[in-house]
Structures are given as structure tokens and as C-alpha cells.
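Coordinates in review
The chain contents come next:
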Amino acid sequence: MSQQSTMPLQSTKPDAIPARVGVGLKPEHYDAILTERPDVGWFEVHAENYMGAGGPPHRYLTAIREQYPLSLHGVGLSIGAARPLDRDHLKRLKALNERYQPGLFSEHLAWSTHDSVFFSDLLPLPYDEESVRRVADHVDEVQDTVGRRMLLENPSTYVAFAESTIGEIEFLTEVATRTGCGLLLDVNNVHVSCTNQRWNAIDYLDRFPMQHVGEIHMAGYAPSKDDHGDPLLIDAHDRPADPVVVELYDHALSRCGPIPTLVEWDNDVPDWPTLFAEARRVESVLTRARRDEDAELAVAV
Ligand SMILES: [Fe+2]
């Protein structure tokens, strides 16, 4: 047993998440990861899957946390909802942060208390001054309670809310500016939302406030059609990232430089070799971006 693994996790300082590709941790892969110790930059878990007090999930996560930096991603706080945040849920999030000392902590911009994240995404959030204030108040409460900075993720959307008075990017920028939170740029969500809402994805990325971005998400979507036969993309997380999304990722990196990037694959979870291969594919894009940045720095010097 390594010296590090004898230390109680509570006293472990947060390991910074490197500007590499991480993978969403799934129970199906616990054993493969602990046996093979794959060259993965970091892992991310959904906080809600580790809110029980003990048992195998915590045993495995503790063992993996001793070997890899960890990011904690919450999907159940309903940070955009009109009602107050669930204090008990918030306490559990705080306890998880203290227990695992994640290098990054992020939340989904959901606005429904429904259990299904997918369903939450379907419900539009009106982007206006009132919702900016409400979400900013909730982000303040989360950061004050948990005691660390959080990242807020751009959602995948399917319809626009008629009462919105500001754009999504302006909304996210305003929340980040008012609260000091960072942003999580989900490039697949950008493609899904832009296709569904007939926005231009390159323009979206060019206007996104990259100075606030602390993490990127990559995932796969499911193509579908709406009632008029027009393309409708579903944020399915059930396959590799589409080549179009990889191109958008490349474009995003050209603006923000290398950023910790997560491969999200939450449904129809493949075997470990398939998921690891997807991580390597995305990492090759990130590595190229890092080389480009190094070359630019060398020229500047
Ligand atoms: Fe995401």
C-alpha cells in the first residue's frame, strides 16, 4: 500500500485537475481502473451517486481518489428553480466536497426538481433579470455553504422561452460576473442547443466568455426530428462525441487554450477499452491545442 493511501482523505488537499482529458467514472469500470491504472488525467463523478454514507461506492471512489484527481459534478440541486435550494441536499454536497476534496466542483443549470436530468433539460428557463438574480443568489448560497468556487454548465435546450429578454451567453456571463463562479462549457450542449434553436455554434463559441471557463464537457447526442421534420438533437450521452462536436471543441480550444476536458458517457455505457479509446481520441485534440499554444509562446519569446 502506498504511503499516500494510508492518509485519511479528509486531510487531502484538493488535487488540481490537469489540463488533460478526464472520464466520467462508472461502477462498471471500478475494477478495470484499479487493476490497470490507465493513463487518464482525472475522473468525474455525479455527486448524487455518492450521497449515501458508506458501502462499495465510497470504498471504490476512495481507492480511485487516492490515485487520480477528482471532479465533483452535481446534477440535482435545481439551481435555476424558483423555489429555495434544498438545504439537506446542499449539506450532502458540502460533506462530499469535504470528504473527497475535488479539484473542480460543478453544477448543472437545471430548474426542475424532477429526478431525471434529461427531463429537466427539456424545460426552458426564461433568461431575464429575475432569473439572473435568482440563479446568482443560488450560486452564492452554494459557494458560501460548500466553501469553494463552483462552475456552472451551459444547458442543452430544445425550445426558447418566449419571455426571455437576454441571450444565454449574456445570462451565463452575468451570473459568473456577479458571483465569481466559473463556467463549464459543454461543447455537445452547444451543438445540441444551436441546432435545435437555429443558432450558429461557431458564433456561440466566439462569444462565450472563455475567461470564466474552468472545464469542458464532451459527449454524444442522439439525432431525432421535431413535429415539422426538422432536426432535433437530444443530449443523450450514449455514444462517442460526433465529429462536428469534435470540430467545435477544436475551435473552442483555439480560443481558450488547453482546458480540463471530460468525456461524458452516461447511458449505454461501453466497456472500459471503448471508453478509454474515446478519451484518447479527445485527448489527441487537446494535445494538439497544447502544442499550438507552446509554439505560439515560443514565437512570442
Ligand atoms: Fe455536460
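Structure: see above.
Below: a short report on this structure. One numbering rule holds for all chains: residues counted from 1, following each sequence as written. Local features in a predicted model are, by the rule used here, given only for residues with pLDDT of at least 70; side-chain atom pairs are given and counted only at 80 or more, and totals for whole chains, interfaces and linings are based on all residues.

Now for the overall build of the protein chain. In this description a helix means any DSSP run of H or I spanning at least four residues, a strand means any run of E spanning at least two, and both kinds are numbered starting from the N terminus. Broken down by element type, the protein chain carries 10 helices and 10 strands. The C-alpha radius of gyration computed for the protein chain amounts to 19 Å, which stays within 12% of the reference 19 Å derived for 301 residues, consistent with globular compactness. Taking the principal axes of its C-alpha atoms as reference, the protein chain extends roughly 60 × 50 × 45 Å. Here a residue counts as buried when 20 or more other C-beta atoms sit within 10 Å of its C-beta, as exposed when there are 12 or fewer, and as partly exposed otherwise, the C-beta atoms being derived from the backbone. By residue count, 40% of the 301 residues in the protein chain fall in the buried class. Residues are scored as being in contact if the C-beta atoms we place from backbone atoms lie within 7 Å. For the protein chain, contacts bridging at least 24 residues in sequence account for 78% of all contacts bridging at least 6. Here the radius of gyration uses the C-alpha set of atoms, whereas the globule reference equals 2.2 Å times the residue count to the power 0.38.

The next point concerns helix α10 (residues 272–300). An ideal rise of 1.5 Å per residue puts 42 Å on 29 residues; α10 measures up with 41 Å between its terminal C-alpha atoms. Taken residue by residue, α10 has Leu 275, Phe 276, Glu 278, Ala 279, Val 282, Leu 286 and Ala 289 as its buried positions. On the buried face of α10, the contacting elements are β1 (21–24), β7 (213–218), α9 (243–256) and β10 (261–263). Here the expected span of a helix is defined as 1.5 Å times the quantity of residues minus one.

The subject of this paragraph is the sheet that holds strand β2 (residues 42–46). DSSP bridges decide pairing: two strands pair if at least two such bridges lie between them. The eight strands lie next to each other as β1-β2-β3-β4-β5-β6-β7-β10, forming a closed barrel whose pairing is parallel. With strand direction ignored, the average angle separating the axes of adjacent strands in the sheet is 30 degrees. Alignment of β2 against strand β3 (residues 70–74), held across four bridges, turns out to be parallel. Looking at β3, one finds that Glu 44 is bridged to Ser 71. In this description, a line fitted to the C-alpha atoms serves as the axis of each element, helices being fitted only across the stretch in contact, and the angle between N-to-C directions of two axes falls anywhere from 0 to 180 degrees.

Structurally, Val 142 can be placed in helix α5 (residues 129–146). In this structure Val 142 touches Leu 77, Leu 90, Glu 107 and Met 150, once residues within four positions along its chain are discounted.

As paired strands, strand β8 (residues 222–225) and strand β9 (residues 231–234) are joined by four bridges and run antiparallel to one another. Directly across from Ser 224, in β9, lies its bridge partner Leu 232. Connecting the antiparallel pair β8 and β9 is a turn made up of five residues, with Gly 229 showing a positive phi of about 85 degrees.

So, about the packing of α9 against α10. Relative to each other, α9 and α10 sit at 25 degrees, their axes nearing to 10 Å. Judged on the interaxial angle alone, α10 and α9 are roughly parallel. Here α9 and α10 pass one another in a crossing that is right-handed. Contacts between α9 and α10 pair Val 246, Tyr 249, Asp 250, Leu 253 and Ser 254 from the former with Val 285, Leu 286 and Ala 289 from the latter. An angle below 35 degrees is read as roughly parallel, one above 145 as roughly antiparallel, one from 65 to 115 as roughly perpendicular, and any other as oblique. Crossing handedness is defined as follows: a turn of the near helix away from the far one that is anticlockwise and smaller than a right angle gives a left-handed crossing, while the clockwise case is right-handed.

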